[in-house]
Each structure stands twice: as structure tokens, then as C-alpha cells.
Amino acid sequence: MEREKRDDMSFSRKRSFTFGAYGGVDKFTCGNETRPEEDNILDILDSPVSESKSVLTTCSSQRDTELFEIIEKLQGSRIDEQRCEFPLPLKSQLLTVSGELPLILPSKLGGYWIDPPLERLEDVSPTSSPYSLDPNSYDILERDGEAKNYHEFFRYRYHHSFTAVDPSLGPLVLSVCMEEDENKLRVILRMKECSLHGVFSASLFPNIPSAVELAKMLCDRVTVSKFEVVCYLKAPELITAFDEHRVSPNFKFGVLYQKEKQLTEEDILSNNEESVEFIDFLSILGDTIQLQGFSGFRGGLDVCHGQTGSEAVFTSFHGREIMFHVATKLPFTDGDVQQLQRKRHIGNDIVALVYQEGQTPFLSDAIKSHFLHSFLVVRRIQEGDVGDTGEASYQVSVTAREDVPPFGPVLPDPPIFTDRTLLRDFLLTKLINAEISCYKAEQFSKLELRTRSSLLESLQAELSTRSQCMMGDPSLSALTTSESVRGPSEGSGGFIENFKRAIRVRSHSFETLGVPKKSGGISSQKPKTEKDGESDKSPGTMSTLSDSLGSAELKDQASPQEET
């Protein structure tokens, strides 16, 4: 009887202590295979009180230790997901160049290309360079080279536009212009995938071809039987806004500061102190400006309340404004290993520049981000001779995801720069071209196709509806009335609202920080400060819309690309 009573006592001491997959289990709740033997439990109960207390204290201490380990795992799981494993072959002679490690090492999982390739690095001495550095050859890519064709050749000339909805191609917008001085017929056909531009000699046609014939001359997949003529007075402004929706003169790039033996994202983002060499390098990129009250392109930084730091690096380059998100100048949060206040800006950039001090290579996928697709890495390698220029030499390397096409300018061989002006021109051109080239990657190209399709559908519907209103369709008279209520300064309304909606959808598509709500339509209202960390990468351009429509509500438009 006494033994059975003890059995009841032993099982009455069971407790629930489980944490799922992490394996935190109280041995008293396990099955027979892991639970201590009954005799051992009985011995514990029969032992003196002091001995029993000692054993129970030991078990309790062990369980507390396991509990804290489990909690630490739960809290650290998100960080572990963002860590990248540094590859082992650092000491391999294949990766050493003249006793030094290269600037960039490939990811263990692959998926990145590196320029110059590791096998090509043989001699990085800046004393002799067979490659001639010519800044005149640093051509800046255009994101959409034909985006301004309509503005240049059509908008201020007599021309006609037509719309249709093709059963297979979807909405179509056609523009036709007769250049009588050169006896040419210029045509632009806008489809979901792209816009086609053609110039034909008018002498080829005894009579001016119809809109359907011109469309089929540019694309033989057109099957629509007729087009509707556009007679809306503000159509050129809407068409220009669509054609140039990817054109932007503003760029933003991240700048990371990597010290010796720093391999992980957490280490790199935790740097606060700026060395003299790093400050000197930032002066090559641009000017250090005070954010408070800054009136230029702000790149998502707070210029009113100081929530994104007090300083930043800004420059203008060939008519383009560039804002640099310098990690060491963004807010530092004690106790935050991931430094999300910094990651939210740099992680939403498409291209980042890494400045290295020391010989520790940068790993291609060290910074985890949906947006970051390319890195330019710069290392200061030697001080200049006093009798020469007295300046340092810089070595440059580039890495990008494998679906990003190569971009210029070409790296010199060896990739060494001793002239600060040449280095600046090269880096800024390379950064701009890198971003434009990254838009051709699969992730961004699919996103742009969805945005373009949505905008074209809205444009076609708006032009068609407004044209019918102009022709006096009584069923659509309400649209004309609503336009008069808004006033002439507020533009056309429908297409612009759809434009803003498409831009918002685009900014949410990578599940990053959302675009804040804006209240438009009041001309005297000042633009609200957009949320920090908002992605500035969108196909939208506010300068085009603002110039063409003169609408104050467009300045409040939630576009992640243009911020002033």
C-alpha cells in the first residue's frame, strides 16, 4: 500500500513544459523511456529532506537553464535567418592574390557574379596600368531610352491618338504624327509589354494608312478591327505621363562601412565611429549636408524631425540628384542587433557601396534584402607618394545577382584608381548604371510589367471615356460635371488616381514598408513627410506629372521614386 501511495505521489508531481520543435521537455512529463526509473524516484523520496532538496534544486536549475536557452533561440531565430555562413576556403591559394584576399568572395550558395573574376586577379599593383582611364567613355545608361519620343516628336506638333482593346494584346494606345517637312510618318504603339516606335517614308503610301494598318505594321499580332479616335484636350498630358513614368533624375544608394574581421550584416551595420580615411572617401562621393530643412532630393530621409539622423551625403551628377544612405549616419539603436533603423533604408536600396578598411573580403550575400541586387566594393590599398600626388589608391570590385546584366563603365585592368576625380566619375556612373541594369532582373522586370499593364489599362479607359464625353455622350455627362467641380487645376482625375493606385501596389509588392496614406486635392496643402524606410524605387516620376498637369494633389502623391 505504501509503495502504491508513493507511485501516486510521484505522478502527481508531473508538469507541462514543452516548447515545440526546440526540444525543451521536462523529464518528469516524458514517457517511460526517458523518465527516471521508479526506484530512483522512490529513493529520492525516501532520502533525507536536505538531500531531496539538493536534487530537486539541481533539476530545477537545469530546467531553468534549458528554458533560457529556448527563449534565446526563439529571440534569435529571426537574426539567424539573415545570417550568412562565411565560406571556409579563405586560406586557399586559389583565392589569395599577392598574399592578399580579394575584395569580394562569392556566396556559398552561388547566384552572384563578380567583376573582376577571382581567377583574373593576378597583380593589383597601381604602379603600372596598361588600361587608359578616360572619363569621356563613362556613358550613363537610360532606363527607357524611348520614353521621351512622344514629348519630343508628337506633343507640340499636330498629331492624332487612337485607342483600342485587342482580344489578345489587351489595351492599345496609338499615336500618329505627320512630319511634312521631312515627308515622314512617325508612329508609336503602346502595348502592355512595351512601346513600339516606327518612322515610315510617306512616299511609300499612295494614301495615308488607317490606324489599324499602322498598328499592324509595327506589330503583326494586332487583331483588332478598328480604333477609336482620341479627342480629349488633355490627352497629350496623360500620354506623356504614361510614357515617362519610369524616367527619374533622382537616385539613392546605400553606403556600408566594413572594418577588419567584420563578416556579418550585424557587424557591418553596428559601426558608429568613422575613421579619417572613411570620411575622406565620403568627401569623394559628395558633400555632407544637414538634413534639417534640406530642400533637395531627400531619398526617403526625414528633413523635418531628425528621425533619420542629422547628416547625409548628397551630390549632383550630370543633371541627376543622388542621396547616399550612409550607415554610420543613420540612427543607431542600443540593444538592436539587426539595427533595423539602418536596415530599413539601406535594405530598400537597389545598389549599395561598401568601403573596406583592412583585408577582410565582403561576401556577396552578406546583406539580406529583397531589393539589394548589386554592390560596389572599394578598398583603400596604399598611400600615395609624397613626391607624386600625395593621394591614396583605391581598388574597386563589383558584384551583382546573376540575373542582372553586366553594366559599364568597364573596370580598368588592374582595377586601381589613383586620381580622386576619375574615381568619383567612375563610381557615380557605375552606381547609376548598376541600378538601371538591376531593373532588368527577373524580380523587378515582372513587377514593372504588372505596373505598366495596370497604368496602360487605366490610360486607355480614361482616354476613351473622356473622348466620349467630348463627343457629347449623354450617358457619360456625369464625368464632365465631376471634372468641372474639381476645377481645371486638378487634372483629369481618373487616370491620375489609377496612376497613384498602381504606384502604391508596386511599393507593397515586395512586402516592405507600406506607402503612407496621402490626402490630396487641396492645392494649399503641403506634402506630408513620407514614412522613413519607404522604398524609393518605383517606376513613377512626379516631375513629369507635376509639370504637365500643374496639380498640387500630385505633389502629395504616394510615389516611392521621387521624393523632394
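Residues numbered from 1 in each chain as written. Predicted model: local features only at pLDDT ≥ 70, side-chain atom pairs only at ≥ 80, totals over all residues. Heavy atoms only, no water.

## Notes on the overall build of the chain
Here comes step 1: For the chain, the count of helices and strands is 15 helices and 16 strands.
Here comes step 2: For the chain, the residues scored as buried account for 49% of the 564 residues in total.
Here comes step 3: Across the chain, the fraction of contacts at a sequence separation of at least 24, relative to all contacts at a separation of at least 6, is 67%.
Here comes step 4: When the accessible surface of the chain is totalled, it reaches about 27,500 Å², and 52% of it is carbon and sulfur. (Helix = DSSP H or I, 4+ residues; strand = E, 2+ residues; numbered from the N terminus. Buried < 20%, exposed > 50% of the residue type's maximum accessible area, 1.4 Å probe, protein only. Contact = heavy atoms within 4.5 Å. Areas by Shrake-Rupley, 256 points an atom, 1.4 Å probe, with all protein chains shown as cover.)

## Regarding the environment of Asp-280
Here comes step 1: Inspection of the secondary structure assignment puts Asp-280 in helix α8 (residues 276-285).
Here comes step 2: Residues in contact with Asp-280, not counting those within four places in the same chain, are Arg-380, Tyr-394 and Arg-420.

## Let's talk about the state of the cysteines
Here comes step 1: Per the stated rule, a full pass over the model turns up zero disulfides.
Here comes step 2: The closest cysteine sulfur to the non-disulfide-bonded Cys-219 is located on Cys-194, 7.7 Å from its own sulfur. (Disulfide = S-S within 2.5 Å.)

## A short note on the sheet that holds strand β5 (residues 184-190)
Here comes step 1: If you trace the five strands from one edge of the open sheet to the other, you get β6-β5-β4-β3-β7, paired in antiparallel fashion. This sheet does not close on itself; its edge strands, each paired only once, are β6 (195-201) and β7 (228-229).
Here comes step 2: Sheet analysis places strand β3 (residues 159-166) next to β7, joined by two bridges and oriented antiparallel. Its bridge partner lying in β7, Thr-163 is registered against Glu-228.
Here comes step 3: Helix-sheet contacts for helix α5 (residues 211-218) involve β3, β4 (170-179), β5 and β6, and the interaxial angle to β5 is about 75°.
Here comes step 4: Here helix α11 (residues 442-470) sits on the sheet in contact with β3, β4, β5, β6 and β7, set at roughly 65° to β4. (Pairing = 2+ DSSP bridges. Axes fitted to C-alpha atoms, helices over the stretch in contact; angles between N-to-C directions.)

## Here we look at the nonpolar core
Here comes step 1: Ranked by internal contacts, the top residues of the largest apolar core, which has 45 residues, are Phe-281, Phe-324 and Leu-427.
Here comes step 2: Where this core is concerned, the elements lending two or more residues are β8 (250-258), α8, β10 (311-317), β11 (320-326), β12 (351-356), β14 (374-382), β15 (393-401) and α10 (420-438).
Here comes step 3: Broken down by element, this core gets its largest block of residues, 10 residues, from α10. (Core = buried A, V, L, I, M, F, W, Y, C linked by side-chain atoms within 4.5 Å.)

## Thoughts on the packing of α8 against α10
Here comes step 1: The contact between α8 and α10 brings their axes to 9 Å, and the two run at 70°. Considering the angle they form, α8 stands roughly perpendicular to α10. Crossing handedness for the pair α8 and α10: right-handed. Between α8 and α10, the contacting residues are Asp-280, Phe-281, Ser-283, Ile-284 and Leu-285 on the first element and Arg-420, Leu-423, Arg-424, Leu-427 and Leu-428 on the second. (Parallel < 35°, antiparallel > 145°, perpendicular 65-115°, else oblique. Left-handed = near helix turned anticlockwise from the far one by under 90°.)

## Digging into the side chain of Glu-179
Here comes step 1: With respect to the helices and strands, the residue Glu-179 is situated in strand β4.
Here comes step 2: Owing to a relative accessible area of 4%, Glu-179 belongs among the buried residues under this scheme.
Here comes step 3: Within the structure, Glu-179 has its side chain in polar contact with the side chain of Arg-186 (distance 2.6 Å).
Here comes step 4: Every residue in contact with Glu-179, bar those within four places of it in the chain, is listed here: Phe-153, Arg-157, Lys-184 and Arg-186. (Polar contact = N/O pair within 3.5 Å; in protein donor to acceptor, adjacent residues only side chain to side chain.)

## A look at α10
Here comes step 1: For α10, built from 19 residues, the straight-helix expectation of 27 Å at 1.5 Å per residue is met to within 8% by its first-to-last C-alpha distance of 26 Å.
Here comes step 2: A large share of α10 lies buried, amounting to 16 of its 19 residues.
Here comes step 3: Capping of α10 at its N-terminal end is provided by Asp-419; its side-chain oxygen lies 2.9 Å from the backbone amide nitrogen of Thr-421. (Expected span 1.5 Å × (residues − 1).)

## Things to note about unusual backbone geometry
Here comes step 1: In the segment running from Gly-408 into Pro-409, the intervening peptide bond is cis, with an omega of 0°.
Here comes step 2: Residue Asp-413 is joined to Pro-414 through a cis peptide bond whose omega torsion reads 5°.
Here comes step 3: Tracing the sequence through the fold places Pro-414 in the loop between β15 and β16 (416-417).
Here comes step 4: Unusually for a residue other than glycine, His-318 sits at a positive phi of about 50°.
Here comes step 5: The phi angle at Gln-339 is positive, at roughly 50°, despite the residue not being glycine.

## Overview of the confidence of the model for the chain
Here comes step 1: Looking at the chain as a whole, the pLDDT averages 74, with 61% of positions reaching at least 70.
Here comes step 2: Confidence scores differ between elements of the chain, with helix α15 (residues 552-555) showing the lowest mean pLDDT of 33 and β12 the highest of 96.
Here comes step 3: Low confidence marks residues 78-98, where pLDDT is under 50. Its contacts with residues over four positions away, or in another chain, come to 38 contacts. (pLDDT = per-residue confidence, 0-100.)

## Focus on the pattern of salt bridges
Should their charged atoms come close, side chains of opposite charge can pair.
Here comes step 1: Counted under the stated rule, the structure contains 14 salt bridges.
Here comes step 2: For Glu-462, the salt bridge is made with Arg-466, and the minimal N-O distance between the two is 3.1 Å. Here Arg-466 and Glu-462 lie together in helix α11, a separation of four residues that amounts to about one turn.
Here comes step 3: A network of salt bridges, in which partner residues are shared, links Arg-157, Glu-179 and Arg-186. (Salt bridge = Lys/Arg side-chain N within 4 Å of Asp/Glu carboxyl O.)

## With respect to the pairing of β11
Here comes step 1: Across the seven residues of β11, six count as buried, placing the element largely inside the fold.
Here comes step 2: Judged from the six bridges that link them, β8 and β11 form a sheet pairing that is parallel. Its bridge partner lying in β11, Lys-252 is registered against Met-323.
Here comes step 3: For β10 and β11, the ladder comprises five bridges, and the chain directions are antiparallel. The residue of β11 that forms the bridge with Phe-317 is Arg-320.
Here comes step 4: Hairpin geometry of β10 and β11 is characterised by an intervening segment of two residues between the two adjacent antiparallel strands and by a positive phi of about 50° at His-318.

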